[in-house]
Amino acid sequence: SSSSSSSSSSMSASTPMPMPSKSLPPPFRVVYMSRSKPLRRVMANEKDFIASLETLEMESDGGIVFSAVDPAEIPIGDQLKLFSTADLLMAPHGASLTWLVLQPPTCSQVIEFKATGNYHYE
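Residues numbered from 1 in each chain as written. Predicted model: local features only at pLDDT ≥ 70, side-chain atom pairs only at ≥ 80, totals over all residues. Heavy atoms only, no water.

**Concerning the pairing of strand 1 (residues 28-33)**
Okay, so step 1: Examined bridge by bridge, strand 1 and strand 2 (residues 64-69) share 6 bridges and lie parallel to one another. Bridged to Arg29 within strand 2 is Val65.
Okay, so step 2: In this structure, strand 1 lies alongside strand 3 (residues 88-92), joined through 3 bridges in parallel fashion. Of the residues in strand 3, the one forming a bridge with Tyr32 is Met90. (Pairing = 2+ DSSP bridges. Helix = DSSP H or I, 4+ residues; strand = E, 2+ residues; numbered from the N terminus.)

Below, the structure is given as structure tokens:
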């Protein structure tokens, strides 16, 4: 009885179990569009907001890639590449959301921040 037990344990120790090959899904790409010199529609807690998303990225183990950018500060070619590969765009209400036209049709999402009040007619 002890020999069958030892042969069973030696068999499992010497024969490694094959691990199934599993490829990881691509990361979920999140882009927040900031404003360099906003005249209005200022996000009061933007630094804290960005820090929270950076923490989420670090804790995601590569599942989330976060970028905070000011479109006015990066070349147009870099903007095209960044916004066309984003899964989620976040931005204050405004013209920067025009980049929505570049989002891929699969899994594209938008979060638009809107301040209270109506700035269009002031």
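**Considering unusual backbone geometry**
Okay, so step 1: Of note in the backbone geometry, Asp61 takes a positive phi value of approximately 55° without being a glycine.
Okay, so step 2: Relative to the assigned elements, Asp61 resides in the loop between helix 2 (46-59) and strand 2.
Okay, so step 3: Accessibility expressed as a relative area gives 76% for Asp61, which makes it exposed. (Buried < 20%, exposed > 50% of the residue type's maximum accessible area, 1.4 Å probe, protein only.)

**Brief notes about the side chain of Gln79**
Okay, so step 1: Tracing the backbone shows Gln79 in helix 3 (residues 76-84).
Okay, so step 2: Apart from the residues lying within four places of it in its own chain, the contact partners of Gln79 are Pro71, Ile74 and Trp99. (Contact = heavy atoms within 4.5 Å.)

**Some remarks on the confidence of the model for the chain**
Okay, so step 1: The predicted model of the chain averages 78 in pLDDT, with 70% of residues at 70 or higher.
Okay, so step 2: Counted against residues more than four places away or in other chains, residues 2-12, with its pLDDT under 50, gives 0 contacts. (pLDDT = per-residue confidence, 0-100.)

**Describing the sheet that holds strand 1**
Okay, so step 1: Overall, parallel pairing links the 4 strands, which are arranged 2-1-3-4 in an open sheet. A strand with exactly one partner marks an edge of an open sheet, and here the two such strands are strand 2 and strand 4 (109-113). Each neighbouring strand pair of the sheet contributes to a mean axis angle of 15°, computed without reference to strand direction.
Okay, so step 2: Across the face of the sheet, helix 2 comes into contact with strand 1, strand 2, strand 3 and strand 4 while running at roughly 155° to strand 2. (Axes fitted to C-alpha atoms, helices over the stretch in contact; angles between N-to-C directions.)

**Overview of the packing of aromatic side chains**
Okay, so step 1: Summed over all chains, the structure comprises 3 aromatic pairs.
Okay, so step 2: Geometrically, the ring pair formed by Tyr32 and Phe49 is edge-to-face, given 5.2 Å between the ring centres and 70° between the ring planes. Here Tyr32 is found in strand 1, whereas its partner Phe49 is found in helix 2, with 17 residues between them in sequence.
Okay, so step 3: Relative accessible area serves as the criterion here: at 0%, Tyr32 is assigned to the buried category.
Okay, so step 4: The exposure class assigned to Phe49 is buried, which follows from its relative accessible area of 19%. (Phe/Tyr/Trp six-rings, centres within 6.5 Å; stacked < 30°, edge-to-face > 60°.)

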